[in-house]
Amino acid sequence: MNTFKKGVHMDIKVWMYVIYLAVSVGLTIWVARALSRNGQVFLEEVFAEERLARAVNSLLVVGFYLLNLGYVTVAMKHSDPVESTSQAMEELSLKIGLVLLVLGALHFFNVFALGRYRRNRLRQFATHPPLAPIGRLPMPATPPGSQLVGAYPAGPQPTGPQPAGPQPGTGPTSNPPTR
């Protein structure tokens, strides 16, 4: 009777493995095809060249398959005995859930990395800075009788908006060199 019981448990575990592999491999293939088909437009925008985008898309699909199927096979092992069908379903849902999380994490990592690459490429081709400076921020008011270091010399303080850049007659270039 004991060998019959062991054989039944083994069958449940084997069926759990078969279902896990079928669902995981099927999900991996479906997600890879969807990402490849829909990501082609994004990659063409990122790389601005269709041939390069197709090549990168193919490489990403191969890497996607290698990582996901490698994870699926490594995560397949379950050393504890499976006592019942419900325990097999729980273990199966845990394993498939982890595969889905890995698929999602890889997808978001790829989108993040490619988006960052695209932003850097667009920044290199930009002909002007994003925003031109408008002017200077006003200086804080100082109490009477005190002087900020490096501020205006003693005497009347200028009021109103100040023009940007160096002022005539100020700074080290205001005195002509002596010989």
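One can find the structure itself at the top, above this paragraph.
A brief structural summary. (Residues numbered from 1 in each chain as written. Predicted model: local features only at pLDDT ≥ 70, side-chain atom pairs only at ≥ 80, totals over all residues. Heavy atoms only, no water.)

1. Digging into the overall build of the protein chain
So, point 1. Broken down by element type, the protein chain carries three helices and zero strands.
So, point 2. Mapped from its N terminus to its C terminus, the protein chain presents α and β elements in the order α-α-α.
So, point 3. Taken over 179 residues, the protein chain has a buried fraction of 20%.
So, point 4. As presented, the protein chain carries roughly 14100 Å² of accessible surface, and 67% of it is formed by carbon and sulfur atoms. (Helix = DSSP H or I, 4+ residues; strand = E, 2+ residues; numbered from the N terminus. Buried < 20%, exposed > 50% of the residue type's maximum accessible area, 1.4 Å probe, protein only. Areas by Shrake-Rupley, 256 points an atom, 1.4 Å probe, with all protein chains shown as cover.)

2. Quick notes on a nonpolar patch on the surface
So, point 1. Taken together, the side chains of Val14, Trp15, Val18, Ile19 and Val23 present a nonpolar region at the surface, about 440 Å² in accessible area.
So, point 2. Mapped onto the fold, Val18 is located in helix α1 (residues 2-47). (Patch = residues over 30% accessible without salt bridge, like charges linked within 9 Å, V, L, I, M, F, W, Y side chains within 5 Å. Salt bridge = Lys/Arg side-chain N within 4 Å of Asp/Glu carboxyl O.)

3. Looking at unusual backbone geometry
So, point 1. The backbone of Ala48 shows a phi angle near 60°, a positive value even though the residue is not glycine.
So, point 2. The residue Ala48 is located in the loop between α1 and α2 (50-75) in this model.
So, point 3. Taking the relative accessible area as the measure of exposure, Ala48 reaches 60% and is therefore exposed.

4. A word on the side chain of Asn68
So, point 1. Along the chain, Asn68 falls in helix α2.
So, point 2. Looking at Asn68, the relative accessible area reads 2%, which means it is buried.
So, point 3. Polar contacts involving the side chain of Asn68 include one to the main-chain carbonyl oxygen of Phe64, which spans 2.8 Å.
So, point 4. Once you skip the residues sitting within four places of it in the chain, Asn68 turns out to touch Thr28, Val102, Leu103 and Leu106. (Polar contact = N/O pair within 3.5 Å; in protein donor to acceptor, adjacent residues only side chain to side chain. Contact = heavy atoms within 4.5 Å.)

5. Overview of the side chain of Ser24
So, point 1. Take Ser24: it is sitting in helix α1.
So, point 2. For Ser24, a relative accessible area of 0% gives the class buried.
So, point 3. Reaching out from Ser24, the side chain makes a polar contact with the backbone oxygen of Tyr20 at a distance of 2.8 Å.
So, point 4. Not counting the four nearest positions on each side in its chain, Ser24 is found in contact with Val72, Ile96 and Val99.

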